[in-house]
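Remarks on the overall topology
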Amino acid sequence: MRRNIVHSGADALIYEIRQIVALAKQIEAMGIGITWENIGDPIQKGESIPEWMKDIVSGLVAQNKSWAYTATQGDETTRKFLATKVNERGGAQITSEDILFFNGLGDAVAKIFGFMRREARILGPSPAYSTLSSAEAAHSGYEHLTYELNPDNDWMPDLEDIENKVKYNDSIAGILLINPDNPTGAVYPKEVMREIVKICEKYDIILICDETYAHVNYSEWGSIHLSEVIGDKVCGFALRSISKEFPWPGARCGWLEVFNRKNDPTFERYIKSLLDAKMLEVCSTTLPQLSIPLVYSHPEFLNHLKFRNQKFKKRAEKATTLLSGIPGVKVIQPKGAFYLTVLFEDGALKPHMTLPISNTKVRDFVAPLMDKAALDRRFVLHLLASAGICVVPLSSFCCNRNGFRVTLLEEDEAKFEWIYTTLAENIGKYLAS
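Residues numbered from 1 in each chain as written. Predicted model: local features only at pLDDT ≥ 70, side-chain atom pairs only at ≥ 80, totals over all residues. Heavy atoms only, no water.

This part is about the domain arrangement of the protein. Split by domain assignment, the protein resolves into domain 1 (10–47 + 302–432) and domain 2 (64–299). Taking only C-alpha atoms, the centre of domain 1 and the centre of domain 2 are 28 Å apart. At the junction of the two partners, domain 1 supplies 37 residues and domain 2 supplies 39 residues. Here domain 1 and domain 2 share an interface that buries about 3,100 Å² over both sides, 56% of which is from carbon and sulfur atoms. Its largest share of buried area at the contact with domain 2, domain 1 owes to Ile-332, Lys-335 and Cys-398, together 21% of the area lost on that side. On inspection of domain 1 and its partner domain 2, the count reaches two salt bridges. Its salt-bridge partner being Glu-148, residue Arg-401 comes within 3.4 Å of it at the nearest N-O pair. Between the two partners, domain 1 and domain 2, sit 19 residue pairs in polar contact (both at pLDDT 80 or more). Split into classes, the residues belonging to the side of domain 1 that touches domain 2 amount to 22 nonpolar, seven polar and eight charged. (Domains from an automatic or database assignment. Contact = heavy atoms within 4.5 Å. Buried area = accessible area lost by both parts, 1.4 Å probe. Salt bridge = Lys/Arg side-chain N within 4 Å of Asp/Glu carboxyl O. Polar contact = N/O pair within 3.5 Å; in protein donor to acceptor, adjacent residues only side chain to side chain. Nonpolar A, V, L, I, M, F, W, Y, C, P; charged D, E, K, R; others polar.)

Take a look at the structure:
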């Protein structure tokens, strides 16, 4: 072509969580049964939606209004309901005008970075959730800027690392938190979040918090929302969704809760640009928006959240126990979300390590993939080819540490135990090879 039409950040659009599926599907076609532990879809792993929730959605489908467009910013009744819920927390106060709906948070993330000035960078965690890190890197055309989550401190953010990077890089316009965190399962207490708010205030930058798993939280201190700690000076927004807490991932329904937008005209103009971009699409999907007030206010909803949190806490404890005591491996018990990160200690992985792959077609297929693979990806490929368990390498989460992410979603208790027992056995074999 006479003009190069490829965006400078195109190579950053990598989503290993789904890309590894293509490899696993080919291996499956060669006769290996696959256990899918790569993506956080509770429904695919066997979770049943409560009948009362299905009844709400069925009732809405029967109403003509659920088939219509809604307001560009989102259904007004739902936005008022959500603003009230935010204000009940007693922190930053908002109105319905501070709520903006998207077709899932993937859509929101694309807009957040797509309409941000290219020179403005957002500092995010490492390990990083791929959707966020890839979008930030793609918008800038450079590698995603990260701060360290410390595995020796329950994967808490390294506050000194954050401040130094903000202080000495004036291109950084904001800090990103994921709380509870994906992929580590860490949950940040108020004290940590308040320290990050102080950094944002000191250097006049925004604060973004992905709260996808806000109510999938089984920590001792429970859910801490950005609105509770951001105060009245720092501009920022929280990313919310129903995909993991109803759960209804296929609804593709997420929204922003915007805080202190009037404090800075630049931030106010930026938020307006997100709404203007949404107007070009008319609106987000109506049906799931209409369900939110009905589901959130249903008398069974809090019990529903409590039951799920107890379930995930029990699985987190069991998984951690099954993986504990393996030399060369570190596992920090998750406190939220439904993932567990297995970390290989420095130097534990070597390029010569292998697992036995009995299927010759599979062995021949994966052999050339090993040559240039990161050390943890080599383990993931061996695990996939040998045991049929599909996990995601930690190096794919914008991280220079070796490890992998696995889910806590398997509903069949016997299979859940098999997954983690098999993981423990194969890690031991691999490290001993």
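The next subject is the pairing of strand β6 (residues 172–178). Within β6, six of the seven residues are buried, which leaves it mostly tucked inside the rest of the structure. Here strand β3 (residues 121–126) runs beside β6; their pairing, made up of three bridges, is parallel. Of the residues in β6, the one forming a bridge with Ile-122 is Gly-174. Across five bridges, β6 lies against strand β7 (residues 206–210) in parallel orientation. (Buried < 20%, exposed > 50% of the residue type's maximum accessible area, 1.4 Å probe, protein only. Helix = DSSP H or I, 4+ residues; strand = E, 2+ residues; numbered from the N terminus. Pairing = 2+ DSSP bridges.)

Moving on, we get to the packing of aromatic side chains. Evaluated as defined, the whole model comprises 15 aromatic pairs. With a centroid separation of 6.3 Å and 50° between ring planes, the pair formed by Phe-81 and Tyr-296 is classed as tilted. Linking Phe-81 in helix α3 (residues 76–88) with Tyr-296 in helix α9 (residues 286–296), this pair joins segments that are 215 residues apart in sequence. The buried category is assigned to Tyr-296, whose relative accessible area is 11%. Pairing Tyr-296 with Phe-301 gives two aromatic rings, centres 5.0 Å apart and planes at 25°, and the pair type is stacked. Phe-301 gets classed as buried once you look at its relative accessible area, which sits at 4%. (Phe/Tyr/Trp six-rings, centres within 6.5 Å; stacked < 30°, edge-to-face > 60°.)

Counted under the stated rule, the structure contains zero disulfides. For the unlinked cysteine Cys-200, the closest cysteine sulfur is that of Cys-235, found at 10 Å. You can call Cys-200 buried: its relative accessible area is 1%. You can see Cys-283 has no disulfide; the closest cysteine sulfur is in Cys-253, sitting 11 Å from it. (Disulfide = S-S within 2.5 Å.)

Glancing now at the nonpolar core. Across soluble globular proteins, nonpolar side chains show a tendency to be buried alongside one another. Counting residues in each nonpolar core, the largest one holds 59 residues, and the members touching the most others are Ile-175, Leu-207, Ile-292 and Tyr-296. The dominant element in this core, judged by the number of residues it contributes, is helix α7 (residues 190–203), at six residues. Counting residues domain by domain, this core receives three or more from each of domain 1 (10–47 + 302–432) and domain 2 (64–299). Residues within four places of Leu-207 in sequence aside, it is in contact with Ile-175, Leu-177, Ile-196, Val-197, Cys-200, Leu-226, Val-234, Cys-235, Gly-236 and Phe-237. One finds Ile-32, Leu-349, Ile-357 and Ile-419 within the second-largest nonpolar core, a separate group that totals 52 residues. (Core = buried A, V, L, I, M, F, W, Y, C linked by side-chain atoms within 4.5 Å.)

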